[in-house]
Amino acid sequence: MRFKKSSGSMELGECTRNPGFQDADGSAAGTIGAEPGEKQQDATAVKLDSDVAEEYTQIKPYAGMPKEVLLLYSSQARYRVTREILFWLTVACTLALVALTITVIALSPRCLSWWQASPVYQIYPRSFKDSDGDGVGDLKGIKEQLDHFLYLNIKAVWISPFYRSPMKDFGYDVEDFRDIDPLFGNMQDFEELLAEMHNKGLKLIMDFIPNHTSDRHVWFNLSRARDPHYEDYYVWTNCSATGPKPNNWVSIFGNSSWTFDEVRGQCYLHQFLKEQPDLNFRNPHVLQEMKDIIHFWLEKGVDGFRMDAVKHMLEAAHLRDEPQVDPNQPPESAMTEWDLFHDYTTSQVGLHDLLREWRAEMDIYSREPGRYRFMVTESYDYEEVDKTMMYYGTRLVKESDFPFNFYLLDLPHNTSGFWVQHLVNLWMTNMPEGKWPNWVVGNHDRPRISSSVGPIYTRVINMLLLTLPGTPTTYYGEEIGMENINVTQSQIQDPAGKYNASASRDPERSPMQWSGDMNAGFNNKTNITWLPLHPDYTSVNVEVQMKDASSVLAQYRFLNTLRQSELQLHRGWFCYVHADANVFSYLRELDGLNQAYLMVLNFGKDSAITDLSSISELPQQLKVLMSTNQVNSGKVVQKSHILTEAGEGLVIQYSNPTRFNPSHQTQCYVSEKACYLGAMDILYKC
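The structure displayed is predicted, hence computed values, not measured ones. (Residues numbered from 1 in each chain as written. Predicted model: local features only at pLDDT ≥ 70, side-chain atom pairs only at ≥ 80, totals over all residues. Heavy atoms only, no water.)

K.L.:
Where do I start with the overall build of the chain in this structure?
P.N.:
Check the secondary structure of the chain and you find 19 helices and 26 strands. On C-alpha atoms alone, the chain measures out to a radius of gyration of 37 Å, which is more than a quarter above the 26 Å that the 2.2 N^0.38 rule sets for 686 residues. For the chain, the proportion of its 686 residues judged to be buried stands at 54%. Nonlocal contacts in the chain, meaning residues at least 24 apart in sequence, comprise 68% of its contacts between residues at least 6 apart. With the model as given, the accessible surface of the chain reaches about 30200 Å², and the carbon-plus-sulfur share is 53%. Averaging the coordinates of the 62 positive side-chain charges in the chain and doing the same for the 87 negative ones gives two points 6 Å apart. (Helix = DSSP H or I, 4+ residues; strand = E, 2+ residues; numbered from the N terminus. Rg over C-alpha atoms; globule rule 2.2 N^0.38 Å. Buried < 20%, exposed > 50% of the residue type's maximum accessible area, 1.4 Å probe, protein only. Contact = heavy atoms within 4.5 Å. Areas by Shrake-Rupley, 256 points an atom, 1.4 Å probe, with all protein chains shown as cover. Lys, Arg positive; Asp, Glu negative; His and termini not counted. Charge placed at Lys NZ, Arg CZ, Asp CG, Glu CD.)

K.L.:
Would you mind going over the nonpolar core with me for this structure?
P.N.:
It is characteristic of soluble globular proteins that their nonpolar side chains tend to be buried jointly. Counting residues in hydrophobic clusters, the biggest one holds 131 residues, and the most contacted among them are Phe190, Trp297, Trp358, Val424 and Phe584. By residue number, the principal contributor to this core is helix H10 (residues 284-300), which donates seven residues. Apart from residues no more than four positions distant in its own chain, Val424 is found in contact with Leu408, Trp439, Leu468, Phe574, Tyr576 and Phe584. Core analysis: the next-biggest nonpolar cluster, separate from the first, contains 22 residues, Leu587, Val624, Ile652 and Tyr654 among them. (Core = buried A, V, L, I, M, F, W, Y, C linked by side-chain atoms within 4.5 Å.)

K.L.:
Sorry if this is basic, but what is going on with the state of the cysteines here?
P.N.:
Throughout this description, disulfide means a covalent bond between two cysteine sulfur atoms. In this structure the tally under the stated criterion is three disulfides. One disulfide bridge connects Cys239 with Cys267, the sulfur atoms lying 1.8 Å from each other. On the sign convention where negative is left-handed, the bridge of Cys239 and Cys267, at about 90 degrees about the S-S bond, is right-handed. Of this pair, Cys239 sits in the loop between strand E8 (236-237) and strand E9 (258-261) while Cys267 sits in strand E10 (residues 266-269), placing them 28 residues apart in sequence. Of the two residues, Cys239 and Cys267, both sit in the buried class. When the bonded cysteines of the chain are numbered from the N-terminus onward, they pair as 1-2, 3-4, 5-6. You can see Cys111 has no disulfide; the closest cysteine sulfur is in Cys686, sitting 16 Å from it. We classify Cys111 as exposed; its relative accessible area is 64%. (Disulfide = S-S within 2.5 Å.)

K.L.:
Can you walk me through the sheet that holds E10 in this structure?
P.N.:
Strand pairing in a sheet takes place through backbone hydrogen bonds and is either antiparallel or parallel in direction. One open sheet accounts for three strands, arranged E8-E10-E9; its pairing is antiparallel. Both edges of this open sheet fall to E8 and E9, since each of them pairs with a single strand only. Looking at chain direction, E8 and E10 are connected through two bridges and run antiparallel. In the strand pairing of E10, Trp236 is matched with Tyr268. (Pairing = 2+ DSSP bridges.)

K.L.:
Looking at this model, I keep getting lost on the UniProt feature "domain: Glycosyl hydrolase family 13 catalytic" (unreviewed entry) in the chain. Mind explaining?
P.N.:
Mapped onto this numbering, the UniProt entry gives "domain: Glycosyl hydrolase family 13 catalytic" (unreviewed entry) at residues 122-509. From the first C-alpha to the last, residues 122-509 spans 12 Å; its make-up is 27% helix and 12% strand. (UniProt positions renumbered as here; feature names shortened; annotations may be inferred.)

K.L.:
It is not clear to me how the packing of helix H15 (residues 458-467) against helix H18 (residues 552-565) should be interpreted in this structure. Could you clarify?
P.N.:
The geometry of a pair of packed helices is captured by two quantities: the angle between their axes and the separation between those axes. Contact geometry of H15 with H18 gives a least axis separation of 9 Å together with a crossing angle of 15 degrees. By the angle between their axes, H15 is roughly parallel relative to H18. Read as a crossing pair, H15 and H18 show a hand that is right-handed. Residues Thr458, Arg459, Asn462, Met463, Leu466 and Thr467 of H15 touch H18, and the partners they reach there are Val552, Gln555, Tyr556, Leu559, Asn560 and Arg563. Tallied by class, residues from the contact of H15 with H18 come to five nonpolar, five polar and two charged. (Axes fitted to C-alpha atoms, helices over the stretch in contact; angles between N-to-C directions. Parallel < 35°, antiparallel > 145°, perpendicular 65-115°, else oblique. Left-handed = near helix turned anticlockwise from the far one by under 90°. Nonpolar A, V, L, I, M, F, W, Y, C, P; charged D, E, K, R; others polar.)

K.L.:
I would appreciate a short explanation of the packing of aromatic side chains in the present structure.
P.N.:
Two aromatic rings are characterised by how far apart their centres lie and by the angle between their planes. One pass over the structure, following the stated rule, counts 44 aromatic pairs. Each ring, one from Phe87 and one from Trp88, has its centre 4.9 Å from the other, and the planes form 75 degrees; the classification is edge-to-face. Note on Tyr475 and Tyr476: the rings are 4.7 Å apart at their centroids and 70 degrees apart in plane angle, and the pair reads as edge-to-face. Neither residue differs from the other here; Tyr475 and Tyr476 are each classed as buried. Across from the ring centre of Tyr476, 4.7 Å away, lies the NZ or CZ of Arg448, which sits over that ring. (Phe/Tyr/Trp six-rings, centres within 6.5 Å; stacked < 30°, edge-to-face > 60°. Lys NZ or Arg CZ within 6 Å of the ring centre and 35° of its normal.)

K.L.:
Whenever I open this one, unusual backbone geometry confuses me. Can you help?
P.N.:
With glycine set apart, most residues show a phi of negative sign, and most peptide bonds adopt trans. For Asn519, which is not a glycine, the phi torsion comes out positive at approximately 55 degrees. In this fold, Asn519 is placed in the loop between helix H16 (495-499) and helix H17 (542-546).

K.L.:
Is there a simple way to think about the sheet that holds strand E4 (residues 156-159) in this case?
P.N.:
Ordered in space as E13-E12-E11-E7-E4-E3-E15-E14, the eight strands form an open sheet in which the pairing is parallel. A single partner strand is all that each edge strand has here, and the edge strands are strand E13 (402-403) and strand E14 (438-440). When strand E7 (residues 203-208) meets strand E11 (residues 304-307), the two strands line up parallel, connected through four bridges. By the bridge assignment, Asp207 is partnered in E11 with Arg306.

K.L.:
For this particular structure, what's the right way to read a nonpolar patch on the surface?
P.N.:
Taken together, the side chains of Leu97, Leu100, Leu677 and Met680 present a nonpolar region at the surface, about 370 Å² in accessible area. Mapped onto the secondary structure, Leu97 falls in helix H3 (residues 77-107). Note on Leu97: relative accessible area 56%, which makes it exposed. (Patch = residues over 30% accessible without salt bridge, like charges linked within 9 Å, V, L, I, M, F, W, Y side chains within 5 Å. Salt bridge = Lys/Arg side-chain N within 4 Å of Asp/Glu carboxyl O.)

K.L.:
Looking at this model, I keep getting lost on the pairing of strand E3 (residues 120-123). Mind explaining?
P.N.:
Working note: regular strand, side chains alternate between the two faces of the sheet. Across the two faces of E3 the burial is the same, with Val120 and Gln122 and Tyr121 and Ile123 all buried. Strand direction decides the pairing type here: E3 and E4, joined by four bridges, are parallel. From the neighbouring strand, Ile123 faces E4, where its bridge partner is Ile159. By the bridge criterion, three bridges tie E3 to strand E15 (residues 471-475) in an arrangement that is parallel. Bridging from a neighbouring strand, Tyr121 pairs with Thr474 of E15.

K.L.:
In this structure, what is going on with the side chain of Asn519? I would like to understand it.
P.N.:
Its relative accessible area of 7% is what places Asn519 among the buried residues. At 2.7 Å, the side chain of Asn519 and the backbone oxygen of Thr526 are in polar contact. In contact with Asn519, other than residues within four places in its own chain, are Thr526, Asn527, Ile528, Thr529 and Leu533. (Polar contact = N/O pair within 3.5 Å; in protein donor to acceptor, adjacent residues only side chain to side chain.)

Given below as structure tokens:
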């Protein structure tokens, strides 16, 4: 395109058409121009008023206009101002969006990790599912039953030991930390199980046994032979085969914790069985060995570890006698763990340094997005709850995500609302601020809760477990109400039971009851089970209870789903509202949400009427969302007259804009305070 400008005229070339440019009589006019030297035909000269032509006011913007015309228009005020307004408006919107994003991130509470969002389900592998017909559960059997966890909406699975082992203590005596015992399968079976679990969104927690090994472990054999590198891998001291023991220390299973080794000519320490010699963690090589083993399994893709018997890992180097509980007891008769104060064999200075080092190693692997590596510690500290709380770490140094809370195992001692509140409060008042609680009511070392407390309390205990704040832990079979089996003297498998029949842990380790078929569906190939089945398996099993909306299994599933779907239950406030000889009652609420939940749990021996009329934050009428006695689900009750039968639990859903916690802070707890903003459907720190 070419423009030729002279006084009062303009010539457009290159066949340009401008509909906005017209001659005096209104007809369109245009000029077809040619390059110099070319013949021009039918050219029409366009004459414009000199003032108008000077500013091109008759030419409107058009597509494809040349740069010269565009610049003329863009420099006009109406275009320049509009452009600047749009530019600064864009800048302001961008800055506002960035500021809003930063504010939301800064104010948003931390997302719950997988070990907080889901219960932890413990599998005892010998008893879960037998795939090959030898009567003992295995890794392939676990793989066959993974859909059970999806049905229950459980995402975290802890599997008790499956390392290569002589099985003197059923896997807790490890012969090789990097191998699978043939009883359970092989490494390929493990890798396939882990891959399938991850495909289904499940997390695998392994048992880690750092305190001791099997006496068949290569380290122990090299140590007893005084190999220079391994000589101090275990705790050795001088003694003779017939002389007195080095001190009065006793093992968990009873009798002296020292055994003379003829090969080395010294005694070695074992705080458990004599086939489980204690490692010497004052030797840096031992610490590094255990770090390497942690790395080995994390490289495989394991999601976390349960650290076994950690309080026993260090012993006092001076090896002095421990003080007797009863000073007047003859020293030679002090042969059980209850006869001594374990001042020199547990919770020694330096123990937590070891655990923090392992935590740091695990945190390296936790940097991978979505692959946080979980660590839980096991330590029975009984009345010394302050020692248990130390496993949480400090404000500056992280340790375990939580130590197992075993205090609900004492439920059988007293079935009352006061007692349950005491056990819950024992943990909540001693736990460091901002930490995450957890709850255990059964495991492979303690009688099943349905047997120790009574089957009528099974449902209300599951309700307690799944509505308290924190992470519940479920031992296999608790979700269907399995009970202990009776084991005769000839049927005892447990080493502890062979020392003392009354101490046998076999009753709580019976095969999982999947169906009413042969062997309860545990082994459907042969008529063999490593322990007897409970005779109630034809009615107490997964298959039957899946078809019954009022079953223990159905109620467990409903409560777990409710827990994970309702903000009030998985991260809201927990507040005590009532306790008496029968009933323990508490509520769960979240600031910003009008809807809240009230739990009324009867642990007593009689029916009870609970009067909550003094609690102004509760509406007069309350609707029962779920009762462990199904006929009461959906009923409307008055807050002054809430009736529960012995062993009955109620989940009551109510709405009220007034929250309980602001006026009762001493009765309430929250791990990390958060509020709900309904307008934006988000949580924020408040």
